[in-house]
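# Descriptive analysis of the structure
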Amino acid sequence: MSDRLFIFDTTLRDGEQVPGCQLNTVEKIEVAKALEELGVDVIEAGFPVSSPGDFNSVQEISKAVTWPTICALTRAVENDIRVAADALKYAKRKRIHTGIGTSDYHIKYKFNSNREEILERAVACVSFAKKFVEDVQFYAEDAGRTDNEYLARVIEAVIKAGATVVNIPDTTGYCLPRDFQAKIKYLIDNVDGIDKVTIATHCHNDLGMATANTISGILGGARQAEVTINGIGERAGNTSLEEVAMIFKSHKELGIDTNINTTKIYGISRMVSSLMNMPVQPNKAIVGRNAFAHSSGIHQDGVLKNRESYEIINPTDVGVDENSIVLTARSGRAALKHRLHVLGIELDKEALDKAYQSFLQLADRKKEINDDDVLMLAGKHHAAKRRIKLDFLQVTSGVGVHSVASVGLDIAGEKFEACASGNGPVDAAISAIKLIIRRTMLVKEFLIQAINKGSNDVGKVHMTVEYDGNSYYGFSANTDIVAASAEAFIDAINKFVH
């Protein structure tokens, strides 16, 4: 008989803390519903006390999904817990995730405290959360660097206080897999009552060992894995949901099962990548563009003779349709709608019509449309609703001449035009936009990425714009990289001009 591994997804909390990856409530609900279809057991929907937007998102996600447990994060602060409980009031299954740092680094430098005071605060936060919900998860932040004996004391105390799940995070990604497994085993052997709760892992990827540590922790006895789609998260990211799910699907001999419908993995991977403007690296395990690509002649020959010669995963198991419809300029709306559906995106008729017109224009410039192109097109209808839109852009540039840009903006229905020169076509376009907006803005980061390859490819532009001491993130994609740069600049401006 197999052991059940619970999947706790924190894409909407830890994943969304990545600069430039913030989602609005509608987008978060879209991801939450996809996570429900994927089969995750727990959705960490946010940190309610951090902002009114996060509070609202947790509340609306609680209304939108049915069977997964909805979890809200707090610090070991009574007001945090009270606000989280209020945000969760509509959840069918609710959990408060509270805790405190337990390593000497956190105790001394973060809290200026001592071990006994921290233990008391840990017990107090669990006891207080227990007044609002039955399901209380405790996290021992930086458990990876916490002395095992002291960690065991804290975990035993919070279990007695009513914790139902105890989370052992490798917050800094420091642990080696053997040490993390030994830590979990130590707790199982030395904590009274630990057999009555679920042990969770939450591993970061600073040294590239998040998935290895998570698997080691599970083999050591943990039965909840805290993960994100595509492994997104602070700094180097978190453990990837898709990697954990497929490791146990591939290694049946381990006797551990999840509730994940793996055929939904590829679609939600692309959805999260698109909504959060976070490209998936081509060589990313399971969901990268090259995950099932073979360029070596020896590999190609082996795969053609027998797929399992070089592939341990059938692409269709993760939702990669080997026989998917190839989209070209001759494809109809039905083909585009089907591809969007495979990628986890449903558009209403009006939005689909607009996306299809953009698709035809793009298909005229590219011989073949790939999934990243389709997701870019689907995202255009979100941008169309924004207050400031690019009406037209004309740029003159070349060797030995000054670049000059003429720009037209539509601001809430009113038309504005400006012309400026600059150090290159992108600088000229941004200078012209600044003349219209008339605010002091500084481009702090400017990144261009090709989606696939070739001179006719779509380029993605990520831009960080500083205004009034705050950073705002803009994104766009276009076969014209100058247009994409102007659109990304405008995307950032839309976030602070109301």
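Look up a bit, the structure's there.
A few points on the structure.

### Concerning the pattern of salt bridges
Scanning the model with the defined rule gives 31 salt bridges in all. Ionic pairing is found between Glu156 and Lys160, a salt bridge with its closest N-O pair at 3.5 Å. Linking Glu156 with Lys160, this pair stays in helix H6 (residues 148-161), spanning four residues, or about one helical turn. Across the pair Asp491 and Lys495 runs a salt bridge whose closest N-O atoms are separated by 3.7 Å. Assessed through its relative accessible area of 6%, Asp491 is described here as buried. In this structure, a network of salt bridges that share partners links the residues Arg13, Asp14 and Glu44.

### Describing helix H3 (residues 78-87)
Among the residues of H3, those classed as buried are Asp80, Ile81, Ala84, Ala85 and Ala87. Here the buried residues of H3 occupy an arc of 160° about the axis, which is enough to place them on one side. Packed against the buried residues of H3 are helix H2 (52-64), strand S4 (69-73), strand S5 (94-101) and helix H5 (115-129).

### Let's talk about the packing of H3 against H5
As a packed pair, H3 and H5 sit with axes 10 Å apart at the nearest point and diverge in direction by 25°. By the angle between their directions, the pair H3 and H5 is classed as roughly parallel. Handedness of the H3/H5 crossing: right-handed. Contacts between H3 and H5 involve Glu78, Ile81 and Arg82 from the former and Cys125, Phe128 and Ala129 from the latter. Its residues assigned to classes, the contact of H3 with H5 comprises four nonpolar, no polar and two charged.

### A look at the pairing of S5
Along S5, seven of the eight residues are buried, which leaves the element largely enclosed by surrounding structure. Sheet analysis places S4 next to S5, joined by four bridges and oriented parallel. The residue bridging Cys71 from the neighbouring strand is Arg95, located in S5. Here S5 runs beside strand S6 (residues 135-141); their pairing, made up of seven bridges, is parallel. Paired with Ile100 across the strands is Ala140, a residue of S6.

### Re the packing of aromatic side chains
Aromatic ring pairs: the centre-centre distance and the angle between the two ring planes describe each pair. This structure, assessed with the given rule, holds four aromatic pairs. Look at Tyr467 and Phe496: their rings are 4.4 Å apart centre to centre, the planes differ by 15°, and that puts the pair in the stacked class. Here the residue Tyr467 occupies a position in strand S15 (residues 459-467), and Phe496 occupies one in the segment after helix H16 (481-493), the gap between them amounting to 29 residues. You'll find Tyr467 and Phe496 in the same group, each marked buried. Members of the aromatic cluster, each reached through a chain of ring pairs, are Tyr467, Tyr472 and Phe496. Above the face of the Tyr90 ring, Lys63 is positioned so that its terminal group lies 4.6 Å from the ring centre. Sitting over the ring of Tyr105, Arg145 keeps its end group 4.0 Å from the ring centre.

### With respect to the side chain of Asn230
Mapped onto the fold, Asn230 is located in the loop between strand S9 (224-227) and helix H9 (241-250). Aside from chain neighbours lying at most four places away, what touches Asn230 is Ser240, Glu242, Ser269, Val272, Ser273, Val280, Lys284 and Val287.

### A closer look at the nonpolar core
Counting 90 residues, the largest nonpolar core has Ile7, Leu38, Phe138, Ile155 and Ile168 as the members making the most contacts within it. No other element matches H6, which puts nine residues into this core. By size, the runner-up hydrophobic cluster in this structure holds 31 residues, among which are Val426, Ile433, Val461 and Tyr472.

### Quick look at the pairing of strand S8 (residues 198-203)
The buried fraction of S8 is high, at five of six residues. When strand S7 (residues 165-170) meets S8, the two strands line up parallel, connected through six bridges. Looking at the pairing, Ile168 lines up with Thr201 of S8. In terms of handedness, the path from S7 via helix H7 (residues 177-190) over to S8 forms a crossover that is right-handed. Bridge count between S8 and S9: three bridges; the pairing is parallel. What sits directly across from Thr201, in S9, is Ala225. Of the crossover connections in this fold, the one passing from S8 over helix H8 (residues 210-219) to the parallel S9 is right-handed.

Calculation rules
Residues numbered from 1 in each chain as written. Predicted model: local features only at pLDDT ≥ 70, side-chain atom pairs only at ≥ 80, totals over all residues. Heavy atoms only, no water. Salt bridge = Lys/Arg side-chain N within 4 Å of Asp/Glu carboxyl O. Helix = DSSP H or I, 4+ residues; strand = E, 2+ residues; numbered from the N terminus. Buried < 20%, exposed > 50% of the residue type's maximum accessible area, 1.4 Å probe, protein only. Arc of directions from axis to C-beta. Contact = heavy atoms within 4.5 Å. Axes fitted to C-alpha atoms, helices over the stretch in contact; angles between N-to-C directions. Parallel < 35°, antiparallel > 145°, perpendicular 65-115°, else oblique. Left-handed = near helix turned anticlockwise from the far one by under 90°. Nonpolar A, V, L, I, M, F, W, Y, C, P; charged D, E, K, R; others polar. Pairing = 2+ DSSP bridges. Phe/Tyr/Trp six-rings, centres within 6.5 Å; stacked < 30°, edge-to-face > 60°. Lys NZ or Arg CZ within 6 Å of the ring centre and 35° of its normal. Core = buried A, V, L, I, M, F, W, Y, C linked by side-chain atoms within 4.5 Å. Right-handed = clockwise from strand over helix to strand, strands pointing away.

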